[in-house]
Structures are given as C-alpha cells and as structure tokens.
Amino acid sequence: MKQTNIAILGYVEPGFEAVREAFVENFTHRNELGAACCIYYRGEKVVDLWGGIRNKQTSEPWKKIRW
C-alpha cells in the first residue's frame, strides 16, 4: 500500500533537496510508516526532516525534538 498523504515537516538547505526527495520516496514507494532525518555538514545543520508515525500501535506522529 503506497502512502500519498504523509505530512513531511522540517527543512533542507539549498543544495540538499535530493535528501528531501529520497525521504519522501521512502513513504510513497517503500511503505515507510514514520521517520526522521537530521544531517550536519561542516558543522551546520543542513537537513532536518520528520514525518509519519512514531508508534504503529498508537499512531503517535513524529514530532520535532528539541535538545
């Protein structure tokens, strides 16, 4: 079953758009239920994405984690 209406939240810096595309593809073509991805490049956060659910039993959504 392909998911098509998953909210992907967060951001990518210019030049890292392919990461967002691959992240979305995991939901639309690989049946991902939920995920998060954060990437630092040369000490700077360039990708911070999350979407879908964290817990299949409760349908709890992924949320931004603040450290």
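Residues numbered from 1 in each chain as written. Predicted model: local features only at pLDDT ≥ 70, side-chain atom pairs only at ≥ 80, totals over all residues. Heavy atoms only, no water.

### Some details on the packing of aromatic side chains
Phase 1 of the analysis: One pass over the full model with this rule turns up two aromatic pairs.
Phase 2 of the analysis: Directly above the ring of W62 sits R54, whose terminal nitrogen or CZ lies 5.4 Å from the centroid. (Phe/Tyr/Trp six-rings, centres within 6.5 Å; stacked < 30°, edge-to-face > 60°. Lys NZ or Arg CZ within 6 Å of the ring centre and 35° of its normal.)

### A few points about the state of the cysteines
Phase 1 of the analysis: A complete count under the given rule lists zero disulfides for this structure.
Phase 2 of the analysis: Free of any disulfide, C37 has its nearest neighbouring cysteine sulfur in C38, separated by 7.3 Å.
Phase 3 of the analysis: For C37, a relative accessible area of 21% gives the class partly exposed.
Phase 4 of the analysis: Classification of C38 as partly exposed rests on a relative accessible area of 42%. (Disulfide = S-S within 2.5 Å. Buried < 20%, exposed > 50% of the residue type's maximum accessible area, 1.4 Å probe, protein only.)

### Thoughts on the pairing of strand β2 (residues 34–41)
In regular strands, side chains alternate between the two faces of the sheet.
Phase 1 of the analysis: Pairing geometry for β2 and strand β3 (residues 44–55), over eight bridges, is antiparallel. Note that in β3 the partner of Y41 across the bridge is E44.
Phase 2 of the analysis: Taken together, β2 and the strand that follows it, β3, pair antiparallel across an intervening segment of two residues, in which R42 is found at a positive phi of about 55 degrees. (Pairing = 2+ DSSP bridges. Helix = DSSP H or I, 4+ residues; strand = E, 2+ residues; numbered from the N terminus.)

### Some words on the environment of I6
Phase 1 of the analysis: With respect to the element layout, I6 can be found in the segment before β1 (8–12).
Phase 2 of the analysis: Judged by its relative accessible area of 25%, I6 is partly exposed.
Phase 3 of the analysis: In this structure the C-alpha to C-alpha distance between I6 and L33, which are 27 residues apart in sequence, comes to 9.0 Å.
Phase 4 of the analysis: The residues contacting I6, other than those within four sequence positions of it, are F27, G51 and G52. (Contact = heavy atoms within 4.5 Å.)

### Points about the side chain of D48
Phase 1 of the analysis: Inspection of the secondary structure puts D48 in strand β3.
Phase 2 of the analysis: Among the polar contacts made by the side chain of D48, one reaches the side chain of K45 at a distance of 3.4 Å.
Phase 3 of the analysis: Those residues within four positions of D48 in sequence are excluded, and the remaining contacts are L9, G10, Y11, C37, C38 and K64. (Polar contact = N/O pair within 3.5 Å; in protein donor to acceptor, adjacent residues only side chain to side chain.)

### Side note on the environment of G43
Phase 1 of the analysis: Examined against the element boundaries, G43 turns out to sit in the loop between β2 and β3.
Phase 2 of the analysis: C-alpha of G43 to C-alpha of T28: the two residues are 15 residues apart in sequence and 31 Å apart in space.

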